[in-house]
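A closer look at the structure
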2 protein chains.
Amino acid sequence: MSTHPDQAERPATIHDIAALCGVAASTVSRALSTPERVNVRTRARIEEAAAMLNYTPNSQAKALSSGRTGAVGVLVPDITNPFYFDLIRGTQLQLKAAGYTQLLVDTEESDEVEASAMEQLRKGADGIIVAASRLSDEVLLAAAAKIPVVAVNRDVPGVPAVIIDTPSATSQALDHLISLGHTRVAYVAGPVSSQSSERRWTALSEAAEARGVEAHRLGPFAPTTQSGAAAADAAVHSRVSACIAFNDLIAIGMLQRLRERGIRVPEDMSIVGCDDIFGADFCNPPLTTMASPIEQAGRVAVSMLLARLNPLAGGARRSRSVMPTHLTVRGSTGPAPQDR
Amino acid sequence: MSTHPDQAERPATIHDIAALCGVAASTVSRALSTPERVNVRTRARIEEAAAMLNYTPNSQAKALSSGRTGAVGVLVPDITNPFYFDLIRGTQLQLKAAGYTQLLVDTEESDEVEASAMEQLRKGADGIIVAASRLSDEVLLAAAAKIPVVAVNRDVPGVPAVIIDTPSATSQALDHLISLGHTRVAYVAGPVSSQSSERRWTALSEAAEARGVEAHRLGPFAPTTQSGAAAADAAVHSRVSACIAFNDLIAIGMLQRLRERGIRVPEDMSIVGCDDIFGADFCNPPLTTMASPIEQAGRVAVSMLLARLNPLAGGARRSRSVMPTHLTVRGSTGPAPQDR
DNA sequence: AAACGTTTGGCAATCGGTTGTCAAGAATTG
DNA sequence: CAATTCTTGACAACCGATTGCCAAACGTTT
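Residues numbered from 1 in each chain as written. Chains lettered and ligands numbered in written order. Predicted model: local features only at pLDDT ≥ 70, side-chain atom pairs only at ≥ 80, totals over all residues. Heavy atoms only, no water.

Comments concerning a nonpolar patch on the surface
A cluster of nonpolar side chains, contributed by Leu20, Met52 and Leu53 of chain A, occupies part of the molecular surface with about 290 Å² of accessible area. The exposure class of leucine 20 of chain A is partly exposed, given its relative accessible area of 48%. (Patch = residues over 30% accessible without salt bridge, like charges linked within 9 Å, V, L, I, M, F, W, Y side chains within 5 Å. Areas by Shrake-Rupley, 256 points an atom, 1.4 Å probe, with all protein chains shown as cover. Salt bridge = Lys/Arg side-chain N within 4 Å of Asp/Glu carboxyl O. Buried < 20%, exposed > 50% of the residue type's maximum accessible area, 1.4 Å probe, protein only.)

As for the sheet that holds strand S10 (residues 288-291) of chain B
All names here are of chain B. Within the open sheet, the 6 strands sit side by side as S7-S6-S8-S9-S10-S12. Their pairing is mixed. Two strands in the sheet have a free side with no partner beyond their single neighbour: strand S7 (214-218) and strand S12 (326-328). With direction set aside, neighbouring strand axes in the sheet form an average angle of 25°. Looking at chain direction, S10 and S12 are connected through 3 bridges and run antiparallel. For methionine 290, the partnering residue across the bridge sits in S12 and is leucine 327. In this fold helix H11 (residues 248-260) packs onto strand S6 (184-188), strand S8 (242-245), strand S9 (270-274) and S10, with an angle of close to 155° to the strand it touches most, S9. (Pairing = 2+ DSSP bridges. Helix = DSSP H or I, 4+ residues; strand = E, 2+ residues; numbered from the N terminus. Axes fitted to C-alpha atoms, helices over the stretch in contact; angles between N-to-C directions. Contact = heavy atoms within 4.5 Å.)

Digging into the relation of the copies chain A and chain B
With an axial shift of 0.1 Å and an RMSD of 0.2 Å, the rotation relating chain A to chain B amounts to 180°. Within this description, the copies of the chain are treated as partners about a two-fold rotation axis. The C-alpha atom lying nearest the rotation axis in chain A is that of cysteine 283 of chain A; the distance is 2.2 Å. Most of the interface of chain A is mirrored in chain B, where 98% of its interface residues are also at the interface. (Least-squares fit on C-alpha atoms with pLDDT ≥ 70 in both.)

Some words on the packing of aromatic side chains
Enumeration over the complete set of coordinates arrives at 8 aromatic pairs over all chains. Arranged with centres 6.1 Å apart and planes meeting at 15°, the rings of phenylalanine 282 of chain A and phenylalanine 282 of chain B form a pair that is stacked. Taken together, the positions of phenylalanine 282 of chain A in the loop between strand S9 (270-274) and strand S10 (288-291) and phenylalanine 282 of chain B in the loop between S9 and S10 put the pair across two chains. Judged on exposure class, the residue phenylalanine 282 of chain A and its partner phenylalanine 282 of chain B are both buried. A centroid spacing of 6.0 Å and a plane angle of 25° characterise the contact between tyrosine 187 of chain B and tryptophan 201 of chain B, whose relative ring orientation is stacked. Of the two residues, tyrosine 187 of chain B is situated in strand S6 and tryptophan 201 of chain B in helix H9 (residues 195-211); the sequence distance between them amounts to 14 residues. Exposure remark for tyrosine 187 of chain B: the relative accessible area of 0% places this residue in the buried category. Each residue in the set Phe278 and Phe282 of chain A together with Phe278 and Phe282 of chain B is aromatic and connected to the rest through ring pairs, giving one cluster. The ring of tyrosine 55 of chain A has lysine 123 of chain B lying over it, and the distance from NZ or CZ to the ring centre is 6.0 Å. (Phe/Tyr/Trp six-rings, centres within 6.5 Å; stacked < 30°, edge-to-face > 60°. Lys NZ or Arg CZ within 6 Å of the ring centre and 35° of its normal.)

Pasting the structure below:
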């Protein structure tokens, strides 16, 4: 069947090692997973044989018999949204460091796809990290009861979470705009299913009231540059002098649209984005935005999940971690126009 | 152990279905995987029971007994490089449509990480798609002998590949620059291990010679915006009036650096990028670049791989597919300066 | 030297499916 | 109605590990 019948084309198994060493397969298994329970000399022989045969444990078989898959699912609403790049990279690095495999799934901004992915992963992964979940509180909670889940940017009591503290940054952004003389500000809302959009609006409207400035709400808008065009038109129509956008994609889309319409940024209109994604620093003008350590958020999420999976390893087992956010001022915000 | 001892918390297995229908587990397995070999009525009962129990096959067990994992590994050098976003999305969509799971791995631009990931995936996946492989021809060929591999942007005889035809676009870019009056052009090279960088330089230098213009080679540079700064300085020093960069990341980095140094684009220097990544259209100035259907490239790669995995399904079993590339002219290229 | 406790290693069941083999039953045919 | 073919479904081995259980071998203590 093979070109070299006598040469083992097929990956080595513990049985091959066992045969080579003259021990039982179970001994090999123990020697490799519970070294202290096997005679030093035997173990040495086994390890030598394993190295010689270039042995790699079959993860499928391991998963089947042990129940642990060594994989963690990472669910994001849209892979092509740059915001998730850093998050994905953070989870990837941390997971790999811990010897886990990352199963990345794009849920296409759909709660159904998300739910089915979770059901799928229930057997295919040891745990799940879900970013910006579109699921209802109840469904998410139910899912978390079946498989360890860590949510990112989604706050549901009972579900461990990493929260990126954009609401507080929103207030900073408002103060920044107020200090520039703006008195009529719009919040360009994200998808209705986005909890963070909701929380940000709450923070913003409260802060605006406390400071005595007008806060309008526009949207909802899809978190893409395309919908930024509609957002820009809405903003112009609402006669505000500054906008705080749900995220940088929308903000960048607004920048483009305003430029097309001949509306100068920041002279005629100031724009604040959120996330400090790739591109925020080199768009035209560079975007004032709310930045947070996203990659770190991914790493923290993994740590929280792994602490739950391996309780023995100690660890504070936090169930909630808040990532700080700060305002990064660039060129898209400036003094309010004086035309009134 | 559970809060509801009488309720099946554990996912249903074929044995549960078999018990419910009064048939053997193997019959259930056949009914679900080889429906035509089971009595219609029995099959209907089984399917009904499966639906009732909310049965999902255990992929681990399936993989173990059948040898097929239903997963495909996708290896990219750097997840945070926007170029790969669309590629990843293309593979993800096409794989999901075919019922496969995508295992995404960031090889960190390292041939060693890439090789070990391949070895790992040899048992954990049915096939591998590797983008911009850093491996040597021999190693890649050896890997392809062990597990079906489709390479993207890597041309090794014997390894099926999807090639993005940037060399021909490079000539287009050169013609574009020549028509603008440029006579001294630099190629800003990518990593030495990148085959596409090499092929592009070959195409460019030949085209330049044929057209009687000077072509300089700068670099190598890492494919990041950071190294674009060094590239910009090198370009200025080499006194060329136009640059064709290995990719958009470098080009965008150059744009930023040139701006810092007060060198105007395109008045003093024209820049051409490659890939038309996210951001290329809204940087300042918008980047003239070589665009190709990257997402489609991902989909084609998956199709080629799956055709190999399931030969029965027919399909032309192409072993090489070339994706067209065209020049997208934006604001970063303009007439050559007249100062000489 | 006997009794004891402790390692150490092998057997076999198990995870949840797939698949080859084969016999019983149904359908078709002569 | 009997013979034959086909269909259908049950049994059991197997994929590659893990793991509970038990017995053999070892060293220690009295």
